[in-house]
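Structural overview
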Amino acid sequence: MARIVLKTPEGQMFEAELSGNRQSVGRNDDNDIAIPDGSVSGSHGEFVNNGGTWVFTDLGSTNGTKINGERVDNVELGHGAEFEIGNVAVTFYDESEAPAPAVSAPAAAAPRTMTTSSDGYGAQKIDRAARTGFGAKKVKADGSRTMLMLLGVVGLLAVLGVAALILTEGLK
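Conventions used here
Residues numbered from 1 in each chain as written. Predicted model: local features only at pLDDT ≥ 70, side-chain atom pairs only at ≥ 80, totals over all residues. Heavy atoms only, no water. Helix = DSSP H or I, 4+ residues; strand = E, 2+ residues; numbered from the N terminus. Buried < 20%, exposed > 50% of the residue type's maximum accessible area, 1.4 Å probe, protein only. Areas by Shrake-Rupley, 256 points an atom, 1.4 Å probe, with all protein chains shown as cover. Phe/Tyr/Trp six-rings, centres within 6.5 Å; stacked < 30°, edge-to-face > 60°. Pairing = 2+ DSSP bridges. Axes fitted to C-alpha atoms, helices over the stretch in contact; angles between N-to-C directions. Patch = residues over 30% accessible without salt bridge, like charges linked within 9 Å, V, L, I, M, F, W, Y side chains within 5 Å. Salt bridge = Lys/Arg side-chain N within 4 Å of Asp/Glu carboxyl O. Polar contact = N/O pair within 3.5 Å; in protein donor to acceptor, adjacent residues only side chain to side chain. Contact = heavy atoms within 4.5 Å. pLDDT = per-residue confidence, 0-100.

A separate point is the overall build of the chain. Per the secondary structure count, the chain includes one helix and 13 strands. Secondary structure elements of the chain, listed N to C terminal, follow the sequence β-β-β-β-β-β-β-β-β-β-β-β-β-α. Across the 172 residues of the chain, 31% fall into the buried class. Surface exposure of the chain reaches about 11100 Å², of which carbon and sulfur atoms provide 57%.

The following block contains the structure:
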């Protein structure tokens, strides 16, 4: 089982399991792993399982992906690998893998290419209930919130009515 542990600059920590062959990462809610940190781009990157080897690929993010402070496009991951997504520290764990070199930097001369395939994101439906992330959870609307808003609107209309009466009496 492969998993990552994320730590924000503020000290918030979160753990996510990597499953399947591809998982998107970014600040937007439609990512498989949502990271609500300003240094993380909306669609920052993706984890891809290439036949048992996990690779993180930066998708052209603003603040980049870094190993030891140096920007990289791809990170080949081994058990214990550490890198940064924006300013969020990431540690990769794969218990099925024997301890190996933590990070293997990509070849410097490799050009960056974008490819599409029938098994890419466009072919997959997003199950928002299955996504993981940390930070404040969205609050579902309930009847008491709606009633409170309705009461506020009625109160505002009452105040405006009284103000109109006072003004019309003052003009007579």
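Further remarks concern the packing of aromatic side chains. Taken as a whole and judged by the stated rule, the model has three aromatic pairs. Linked through ring pairs, Phe 47, Phe 56 and Phe 83 together constitute an aromatic cluster.

Taken together, six strands build an open sheet; the order of strands is E2-E1-E11-E10-E7-E8 and the sheet is antiparallel. This sheet does not close on itself; its edge strands, each paired only once, are strand E2 (13-18) and strand E8 (70-72). Within the sheet, the average angular offset between the axes of one strand and its neighbour, ignoring direction, is 35 degrees. As paired strands, strand E1 (residues 2-7) and strand E11 (residues 88-94) are joined by six bridges and run antiparallel to one another.

On the surface, Val 153, Leu 156, Leu 157 and Leu 160 cluster together into a nonpolar patch covering about 400 Å² of accessible area. Position of Leu 156 among the secondary structure elements: in helix H1 (residues 143-171). Under the relative-accessibility criterion, Leu 156 is labelled exposed at 53%.

Among the six residues that make up strand E6 (residues 53-58), five are buried, leaving the element largely enclosed by the rest of the structure. For strand E5 (residues 45-50) and E6, the ladder comprises six bridges, and the chain directions are antiparallel. Note on E6: the bridge partner recorded for Glu 46 is Thr 57. Bridging between E6 and strand E9 (residues 74-77) involves four bridges; their strand directions are antiparallel. The residue of E9 that forms the bridge with Trp 54 is Leu 77.

Among all residues except glycine, the phi angle is most often negative; among peptide bonds, the trans geometry is most common. Look at Asn 68: it is not a glycine, yet its phi comes out positive at around 50 degrees. Along the chain, Asn 68 falls in the loop between strand E7 (65-67) and E8. Look at Asn 68 and you get exposed, because its relative accessible area is 80%.

Position of Ser 61 relative to the elements: it lies in the loop between E6 and E7. In this structure the side chain of Ser 61 is engaged in a polar contact, spanning 3.2 Å, whose partner is the side chain of His 44. Side-chain polar atoms of Ser 61 contact the backbone nitrogen of Gly 64, separated by 3.0 Å. Ignoring anything within four residues of it in the chain, the contact list for Ser 61 reads Ser 41, His 44 and Arg 71.

In the predicted model, the chain carries a mean pLDDT of 80, and 72% of its residues have values of at least 70. Taken element by element, the chain is modelled with least confidence in strand E12 (residues 103-104), mean pLDDT 50, and with most confidence in strand E10 (residues 82-85), mean pLDDT 96.

Residue position: Gly 69 is located in the loop between E7 and E8. Separated by 14 residues in sequence, Gly 69 and Phe 83 place their C-alpha atoms 8.5 Å apart.

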